[in-house]
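Take a look at the letters that make up each chain.
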Amino acid sequence: MIFPSKFYSDKSVLVVDDCEPIRSAVKAMLQKIGFNQISSANNGLSAVQKCENSVFDFILVDFNLGEGKDGYQLFEELKYKDLLSPNCCFIMMSAESRRQIVHGIIELQPDDYLLKPFTYKGLEKRCGRTYQKKSALSQVYEAIFEDDPDKAIEACEQASRKTPEYAGIALRLKGELLIKTKQYEDAQKMYQAILTTRELPWAVLGNSITRIKLGDWQDAESTLKTLAELDETKVEALDWLGRLYIEREQIKDAQKQFAAAARVSPRNIHRQRALANLAIINGEVDEAV
């Protein structure tokens, strides 16, 4: 969606890139779009400091930021420290097309992704699209930010009815919230209802997760192995296979799955910690180190 330039005049934006010419070029594009409140940072540390002092409506971050934190780690830290407002539009930028980077961004789930080089028109379109989506799901994100899962689940249901174009995102968030709050049977019913009309990979994954939680391990294992072959679900499927094998006390098999996931997307600290712990249990001290 293309908004008039005056729409952006009161919106604040932070540009994070370690390359000064690129920061300047992006700032010039943003000014042309209509932004007046533009801040910039050349590394992750500076970006965190700026987010501690200001609330931004948009944050554009390059995936590779040179020395120090990369875009993935910056996003994780901002979320961990609650420095992102629930309606902030976080857009990842990258010139990289390597599979490891792509899988990392898929797992990270920023609000949008912009491949360099991009044009002013491309940036304008992406900002409009991202803002429209965040606005449609604003009550969901606000409830999640407030750590009120019941309110967030209700907001997902309302959003899926009111804005059909974002129903898929709303239902996906609802499923994740149901699993997080251990409402496994309700989550399974939702996923199965979706799968009767369309075989969406994220719904198949969610259904497999509920099967694990409800003790239906054999069917879940078979489905997760299939999902591990798809780019969209590879990393999560490998993680859940690892968790399934831990439940079965198949520790060596669990380590193999987490190791495979870490090779595909190595920046997730929780996965690396789990892999290190499994390596210690299996007596592989060098691997743990």
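We now turn to the structure provided with this report. Quick caveat, the model's predicted, so the values are computed rather than measured. (Residues numbered from 1 in each chain as written. Predicted model: local features only at pLDDT ≥ 70, side-chain atom pairs only at ≥ 80, totals over all residues. Heavy atoms only, no water.)

Next up on the list: the overall build of the chain. Of the regular secondary structure elements, the chain holds 15 helices and five strands. For 289 residues, the compact-globule estimate of 2.2 N^0.38 gives 19 Å, and the chain sits close to it at 20 Å. Reported as C-alpha extents along the three principal axes, the dimensions of the chain are approximately 55 × 50 × 30 Å. The buried share among the 289 residues of the chain stands at 48%. Sequence separation of 24 or more characterises 58% of the internal contacts of the chain that already satisfy a separation of 6 or more. Accessible surface for the chain amounts to roughly 14700 Å². Of this, 49% is attributable to carbon and sulfur atoms. Positive and negative side-chain charges in the chain, numbering 39 and 43 respectively, have mean positions lying 4 Å apart. (Helix = DSSP H or I, 4+ residues; strand = E, 2+ residues; numbered from the N terminus. Rg over C-alpha atoms; globule rule 2.2 N^0.38 Å. Buried < 20%, exposed > 50% of the residue type's maximum accessible area, 1.4 Å probe, protein only. Contact = heavy atoms within 4.5 Å. Areas by Shrake-Rupley, 256 points an atom, 1.4 Å probe, with all protein chains shown as cover. Lys, Arg positive; Asp, Glu negative; His and termini not counted. Charge placed at Lys NZ, Arg CZ, Asp CG, Glu CD.)

This part covers unusual backbone geometry. For residues other than glycine, phi is negative in most cases, and the peptide bonds are mostly trans. Following Lys-116, the chain continues to Pro-117 via a peptide bond in cis, the omega torsion being -5°. Assignment of secondary structure puts Pro-117 in the loop between strand S5 (112–115) and helix H5 (120–136). Non-glycine residue Glu-249 carries a positive phi angle of around 65°.

Take the pattern of salt bridges next. In the structure shown here, the tally under the stated rule is 16 salt bridges. Between Glu-77 and Lys-81 there is a salt bridge whose closest N-O contact spans 2.7 Å. The exposure class assigned to Glu-77 is buried, which follows from its relative accessible area of 16%. Across the salt bridge formed by Lys-134 and Asp-111, the nearest N and O atoms sit 3.3 Å from each other. Within this pair, whereas Lys-134 is found in helix H5, its partner Asp-111 is found in the loop between helix H4 (99–108) and S5, the two being separated by 23 residues in sequence. Here Lys-134 falls in the buried class, since its relative accessible area comes to 6%. Looking at Asp-111, the relative accessible area reads 14%, which means it is buried. (Salt bridge = Lys/Arg side-chain N within 4 Å of Asp/Glu carboxyl O.)

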